[in-house]
Amino acid sequence: GAEGFACALNEPYSPLRGDSIYSVVRHGRAFAIPYVEIEIRQDLISSAQGAAAVARRLSRALERLFSASA
């Protein structure tokens, strides 16, 4: 994406196999609301500076996503 994140469709998990999707089913699908699952590599947020940088990038990416879907 524009913020430099590597994005994949639920890699390496599969909702068809039931891998690690409790929150998606419980909070998204159960109420028929849009949802997104985000996984961040721990080494990117292992310092306060890294966490702040990822937070800024993620915030910009989500702002674009939500403004595009409105």
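Description of the structure in this document.

Bringing the overall build of the protein chain into the picture now. Helix and strand counts for the protein chain stand at two helices and zero strands. Per-residue burial for the protein chain yields a buried fraction of 10% across its 70 residues. Taking contacts inside the protein chain between residues at least 6 apart in sequence as the whole, the part at least 24 apart equals 38%. By element, 60% of the accessible surface of the protein chain is carried by carbon and sulfur atoms, the whole surface being about 5700 Å².

Moving on: the pattern of salt bridges. Going through the model one piece at a time under the given rule, you end up with three salt bridges. Where Glu 3 meets Arg 60, a salt bridge forms, and the shortest distance between an N and an O atom there is 2.9 Å. You can see Glu 3 sitting in the segment before α1 (22–28) and its partner Arg 60 sitting in helix α2 (residues 48–69), a full 57 residues away along the chain. When its relative accessible area of 16% is taken as the criterion, Glu 3 is described as buried. The exposure class assigned to Arg 60 is partly exposed, which follows from its relative accessible area of 38%. Linking Arg 41 and Asp 43 is a salt bridge whose minimum nitrogen-to-oxygen distance equals 2.8 Å. A residue is classified by how much of its surface remains accessible, and Arg 41, at 53% relative accessible area, is exposed. Owing to a relative accessible area of 49%, Asp 43 belongs among the partly exposed residues under this scheme.

We now examine unusual backbone geometry. Positive phi, normally seen in glycine, also occurs at Ala 32, with a value near 55 degrees. Structurally, the position occupied by Ala 32 is in the loop between α1 and α2.

This brings us to the environment of Ser 46. Within the secondary structure, Ser 46 sits in the loop between α1 and α2. Using a relative accessible area of 64% as the deciding quantity, one classes Ser 46 as exposed. Reaching out from Ser 46, the side chain makes a polar contact with the backbone oxygen of Asp 43 at a distance of 3.3 Å.

Attention now moves to the environment of Ile 38. Residue position: Ile 38 is located in the loop between α1 and α2. Residue classification places Ile 38 among the partly exposed residues on the basis of a relative accessible area of 41%. A sequence separation of 31 residues divides Ile 38 from Cys 7, and the C-alpha atoms of the two residues are 9.5 Å apart. Contacts of Ile 38, omitting those with residues within four sequence positions, involve Leu 58 and Leu 62.

Calculation criteria
- Residues numbered from 1 in each chain as written.
- Predicted model: local features only at pLDDT ≥ 70, side-chain atom pairs only at ≥ 80, totals over all residues.
- Heavy atoms only, no water.
- Helix = DSSP H or I, 4+ residues; strand = E, 2+ residues; numbered from the N terminus.
- Buried < 20%, exposed > 50% of the residue type's maximum accessible area, 1.4 Å probe, protein only.
- Contact = heavy atoms within 4.5 Å.
- Areas by Shrake-Rupley, 256 points an atom, 1.4 Å probe, with all protein chains shown as cover.
- Salt bridge = Lys/Arg side-chain N within 4 Å of Asp/Glu carboxyl O.
- Polar contact = N/O pair within 3.5 Å; in protein donor to acceptor, adjacent residues only side chain to side chain.

This is a description of form; function is not addressed.
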